[in-house]
Amino acid sequence: MYFIHSENDSQPPHQQWDMFNALYQAGAPTNMYQMWTIPDSDAHAFAYWDSPIYDTYPLSTSWLVKNRVIGYFQYFLQHGHTHF
């Protein structure tokens, strides 16, 4: 799962952390979920679909939310990781 929000998102930020912590406490493998914050944005949901992800090294703005989300699901579906 991907938990993505923008820095100035209207969604209360604690909701994302509540879900993240619930998965952790339930023993879900931590490689099955990630959290990202998109800096300097107030976009919500698919409004940030084309926003860059700034966690690459070297830093690259060519990695977009949509690339990461689609790639994540393709990898896990192709390798049989469809559940915890």
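You'll find the structure just up there.
Residues numbered from 1 in each chain as written. Predicted model: local features only at pLDDT ≥ 70, side-chain atom pairs only at ≥ 80, totals over all residues. Heavy atoms only, no water.

A. Representation of the overall build of the chain. A tally of regular secondary structure across the chain gives two helices and two strands. In sequence order, the chain lays out its α and β elements as β-α-β-α. Residues classed as buried in the chain amount to 31% of the 84 residues present. Summarising the internal contacts of the chain: among those between residues at least 6 apart in sequence, 57% fall at separations of at least 24. As displayed, the chain offers around 5800 Å² of accessible surface, 57% of which is attributable to carbon and sulfur atoms. (Helix = DSSP H or I, 4+ residues; strand = E, 2+ residues; numbered from the N terminus. Buried < 20%, exposed > 50% of the residue type's maximum accessible area, 1.4 Å probe, protein only. Contact = heavy atoms within 4.5 Å. Areas by Shrake-Rupley, 256 points an atom, 1.4 Å probe, with all protein chains shown as cover.)

B. Seen up close, helix α2 (residues 65-78). Compared with an ideal rise of 1.5 Å per residue, which puts 14 residues at 20 Å, α2 spans 20 Å between its outermost C-alpha atoms and is within 8% of the ideal. Those residues of α2 that sit buried are Val65, Arg68, Val69, Tyr72 and Phe76. Buried positions in α2, seen along its axis, are confined to an arc of 95° and lie on one side of it. Relative to its buried face, α2 has exposed residues pointing more than 90 degrees away, namely Leu77 and Gln78. Among the structural elements, β1 (2-6) and β2 (34-38) are those in contact with the buried residues of α2. (Expected span 1.5 Å × (residues − 1). Arc of directions from axis to C-beta.)

C. Representation of the packing of aromatic side chains. Counting across every chain of the model gives two aromatic pairs. Here Trp17 and Phe20 contribute two aromatic rings whose centre-to-centre distance is 5.6 Å and whose plane-to-plane angle is 75°, an arrangement assigned as edge-to-face. With Trp17 and Phe20 both in helix α1 (residues 13-25), this residue pair falls three residues apart, about one helical turn. For the ring pair Phe20 and Tyr33, a centre distance of 5.1 Å and an interplane angle of 80° mean the geometry is edge-to-face. (Phe/Tyr/Trp six-rings, centres within 6.5 Å; stacked < 30°, edge-to-face > 60°.)

D. Quick look at the nonpolar core. Tyr2, Ile4, Tyr33, Tyr48 and Val65 are the most contacted members of the largest nonpolar core, which totals 17 residues. Those elements that provide at least two residues to this core are β1, β2 and α2. Ranked by the residues each element gives to this core, the list is headed by α2, at four residues. Filtering out sequence-adjacent residues up to four positions away, Ile4 remains in contact with Gln16, Trp36, Ile38, Tyr48, Val65 and Val69. (Core = buried A, V, L, I, M, F, W, Y, C linked by side-chain atoms within 4.5 Å.)

E. How the structure looks around the environment of Val69. Tracing the chain through its elements places Val69 in helix α2. Classification of Val69 by relative accessible area gives buried; the value is 12%. Distance from Val69 to Trp49, taken between C-alpha atoms, is 9.2 Å for residues 20 residues apart in sequence. Beyond its immediate sequence surroundings of up to four residues, Val69 is in contact with Tyr2, Ile4 and Trp49.

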